[in-house]
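What follows is the residue order along each chain.
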Amino acid sequence: MPPACRGAAVAAIRNAAKVAGLAAGALAATSVQAVDLPEDRAETMYHLYDGGGVIAQGPAVLVRKSMLDRVSLSGTWYVDAVSNASIDVVTTASKFKETRNQGELGLDYVVRDSLIHVAGARSVEPDYQASTLSVDLTQDVFGGMTTVLLGYSHADDKVGQHGTPGWVGTAHHWQYRLGVTQILTPRWTASANLESINDDGYLQSPYRLARVFGSYIHENAPGTRESKALKLSATGDITPEGANNRRSLRADYRYYWDTWGVRGHTLELAYNRNLAPGWLLESFLRYYRQNHALFYSDNAPTQTLYVSRNRELATMHDFGPGVTVSYTLRNVPGKFDVKLSGSYQFIDFHYADYTVGSTGRPYSFHASVFNTVLSATF
Amino acid sequence: MVRVRPVLTAIVAAGLLASTAGCAFKPIEPWVKPYERERLADPVMKASLDELPGRQRDHVYVVREGSRGATGVQGGGCGCN
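Residues numbered from 1 in each chain as written. Chains lettered and ligands numbered in written order. Predicted model: local features only at pLDDT ≥ 70, side-chain atom pairs only at ≥ 80, totals over all residues.

## Quick word on the overall build of chain A
Here is step 1 of the chain: For chain A, the count of helices and strands is three helices and 18 strands.
Here is step 2 of the chain: Expected size for 378 residues packed as a compact globule is a radius of gyration near 21 Å; at 22 Å, chain A falls within 12% of this value.
Here is step 3 of the chain: With respect to the principal axes defined by its C-alpha atoms, chain A has extents near 65 × 40 × 35 Å.
Here is step 4 of the chain: Within chain A, contacts between residues separated by at least 24 positions form 61% of all contacts whose residues are at least 6 apart in sequence. (Helix = DSSP H or I, 4+ residues; strand = E, 2+ residues; numbered from the N terminus. Rg over C-alpha atoms; globule rule 2.2 N^0.38 Å. Contact = placed C-beta atoms within 7 Å.)

As structure tokens, this is what we get:
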């Protein structure tokens, strides 16, 4: 495929702002948790996403090891091998393949009732590089019943374009997060997490096309974006008295809003239970919906300064269940524990104002998300 | 204004009551003792036993939805799939 054509193909799926946000998120949004050094563990995962003409798969590895009872070092490597023939790509270009590698190093340090987490991550693909630094402080207060998290991340991205030497732009991201987890009863906890993400720079895609009067032109997005997300969560042990197999219930709600006019609602309900000694079932239902960004249009009737046909900024919703089954292969108490798990999630995506070019019908598709993990704690 | 005055009066009264009866209030003690938190520490209470699946899931959402942040999951990556 000619570089220009391939570039156009990549264009349809590239979202520079999202790229940056996610890169920054690599180390961010750490949930509030009790102040303990993370346990020593190793994980290997094979992951697969298949939906809407896109297949993304690859391995991932995580190793975490503590030293001197105060410090824990961690390293992660994550690979995404993408084969893309999504509707965006086939509309304006042709199928392509691309691989992204991400590495991350982290350090956790415990001081009295505080846990300090410092990490750096780097994500590299042929036409996009992202580097992130992150610091989080977790503090136990009120006799350990309340845990408070303060966090900050900064990310710098370089945006490239196939066929164009050098970089076409840069983007910078700042993330601030605040979280509180509260033990309510011996069975229930609740948490609230607030995160602000601010972006500046080249937040559009050099490839993606918008549609105005039926003609395709390059999209143009604002150079800044400020967003906030508030997530409320409650988790409880609902095991009946005398029952052997433990059960838990979790309910999450997240409200998202930003200066691009996007408002999002996420609702997730989860139910976990031990099936038998060594067997654990995790299940959940998730629903998400959003309205479109101010400058989003499937086919703009007038030419405006900012215009985009990025599906992620359209009016859409998705829904689906997920299930994970884990089995303990070997367990030597106090020494090590080895588990094998398999996970499957089904997601149904529906777009209200993104249409299929030839038919004019609203676009929708199904996706399957699969992974299997071999993990060990030691 | 007619409605504000009773509210202000109630607030002032409550403040006076609290200040005069201050010695009667005990500081709030942690009401769930550490030895009562065994159920909360059970693996069944975790959203996920492993860390890596959460990254994949978060990545799937972030590259297809307009929302981001406060997920409580360490994600990672780009918007390319």
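## What about the overall build of chain B?
Here is step 1 of the chain: Helix and strand counts for chain B stand at two helices and zero strands.
Here is step 2 of the chain: Considering chain B as a whole, with its 81 residues, one finds that 44% of them fall into the buried category. (Buried ≥ 20, exposed ≤ 12 C-beta atoms within 10 Å, placed from the backbone.)

## Here we look at helix 2 (residues 52-62) of chain B
Here is step 1 of the chain: For helix 2 of chain B, the buried fraction is high: ten of the eleven residues fall into the buried class.
Here is step 2 of the chain: Restricting attention to buried positions, one finds in helix 2 of chain B the residues Leu52, Pro53, Arg55, Gln56, Arg57, Asp58, His59, Val60, Tyr61 and Val62 of chain B.

## Looking at unusual backbone geometry
Residues and elements named next belong to chain A.
Here is step 1 of the chain: Phi is positive for Arg112, close to 50°, though the residue is something other than glycine.
Here is step 2 of the chain: When you line up the elements, Arg112 lands in the loop between strand 4 (96-111) and strand 5 (114-125).
Here is step 3 of the chain: Positive phi values are uncommon outside glycine, yet Phe213 reaches one of about 55°.
Here is step 4 of the chain: Inspection of the secondary structure assignment puts Phe213 in the loop between strand 10 (209-212) and strand 11 (215-218).
Here is step 5 of the chain: By C-beta crowding, Phe213 is classed as exposed, having 10 other C-beta atoms within 10 Å.

## Some points on the nonpolar core
Across soluble globular proteins, nonpolar side chains show a tendency to be buried alongside one another.
Here is step 1 of the chain: Among the nonpolar cores identified, the biggest contains 23 residues, and Tyr49, Ala293, Tyr296, Leu313, Ala314 and Tyr351 of chain A together with Val60 of chain B are the most heavily contacted of them.
Here is step 2 of the chain: Among the secondary structure elements, those contributing two or more residues to this core are strand 2 (54-67), strand 17 (336-355) and strand 18 (362-377) of chain A together with helix 2 of chain B.
Here is step 3 of the chain: Among the elements that take part in this core, strand 17 of chain A stands out by supplying four residues, more than any other.
Here is step 4 of the chain: The contact partners of Tyr296 of chain A, leaving out residues within four places of it in the chain, are Ser308, Asn310, Leu313 and Ala314 of chain A. (Core = buried A, V, L, I, M, F, W, Y, C linked by C-beta atoms within 7 Å.)

## Overview of the interface of chain A and chain B
Here is step 1 of the chain: Contacts between chain A and chain B engage 83 residues on the former and 43 residues on the latter.
Here is step 2 of the chain: Split by residue class, the side of chain A that touches chain B holds 36 nonpolar, 27 polar and 20 charged. (Nonpolar A, V, L, I, M, F, W, Y, C, P; charged D, E, K, R; others polar.)

## So, the pairing of strand 7 (residues 146-161) of chain A
Looking down a regular strand, the side chains alternate between one sheet face and the other.
Residues and elements named next belong to chain A.
Here is step 1 of the chain: With 14 bridges joining them, strand 6 (residues 128-141) and strand 7 adopt antiparallel strand pairing. Note on strand 7: the bridge partner recorded for Ser134 is Ser153.
Here is step 2 of the chain: Linking strand 6 back to strand 7 in an antiparallel pair, the connection comprises four residues, with Phe142 at a positive phi of about 55°.
Here is step 3 of the chain: In this structure, strand 7 lies alongside strand 8 (residues 164-183), joined through 15 bridges in antiparallel fashion. (Pairing = 2+ DSSP bridges.)

## Observations regarding the pairing of strand 6 of chain A
All names here are of chain A.
Here is step 1 of the chain: Bridge count for strand 5 against strand 6 is twelve bridges, and the pairing is antiparallel. Following the sheet pairing, Glu125 is matched in strand 6 by Tyr128.
Here is step 2 of the chain: Two successive antiparallel strands, strand 5 and strand 6, enclose a turn made up of two residues.

## Observations concerning the confidence of the model for chain A
Here is step 1 of the chain: Across chain A, the average pLDDT comes to 90, with 91% of residues at or above 70.
Here is step 2 of the chain: For residues 1-33 of chain A, every residue scores under 50 in pLDDT, and the model assigns this stretch 153 contacts once sequence neighbours within four places are set aside. (pLDDT = per-residue confidence, 0-100.)

## Brief notes about the environment of Gln182 of chain A
Residue and element names in this part refer to chain A.
Here is step 1 of the chain: Looking at the secondary structure, you find Gln182 in strand 8.
Here is step 2 of the chain: According to the C-beta neighbour criterion, Gln182 is partly exposed, with 17 such atoms within 10 Å.
Here is step 3 of the chain: When sequence neighbours within four positions are dropped, the list of residues in contact with Gln182 reads Met145, Thr146, Thr189 and Ala190.

## Here we look at the environment of Tyr344 of chain A
Here is step 1 of the chain: Here Tyr344 of chain A lies in strand 17.
Here is step 2 of the chain: Put simply, Tyr344 of chain A and Leu48 of chain A are 296 residues apart on the chain and 9.7 Å apart in space, counted from C-alpha to C-alpha.

## Observations regarding the environment of Ala81 of chain A
Residues and elements named next belong to chain A.
Here is step 1 of the chain: Mapping Ala81 onto the fold places it in strand 3 (residues 71-84).
Here is step 2 of the chain: Given 15 C-beta atoms within 10 Å, Ala81 falls into the partly exposed group.
Here is step 3 of the chain: Each C-alpha atom, one on Ala81 and one on Ile55, is 8.0 Å from the other, the two residues being 26 residues apart in sequence.
Here is step 4 of the chain: In this structure Ala81 touches Gln57, Gly58 and Thr99, once residues within four positions along its chain are discounted.

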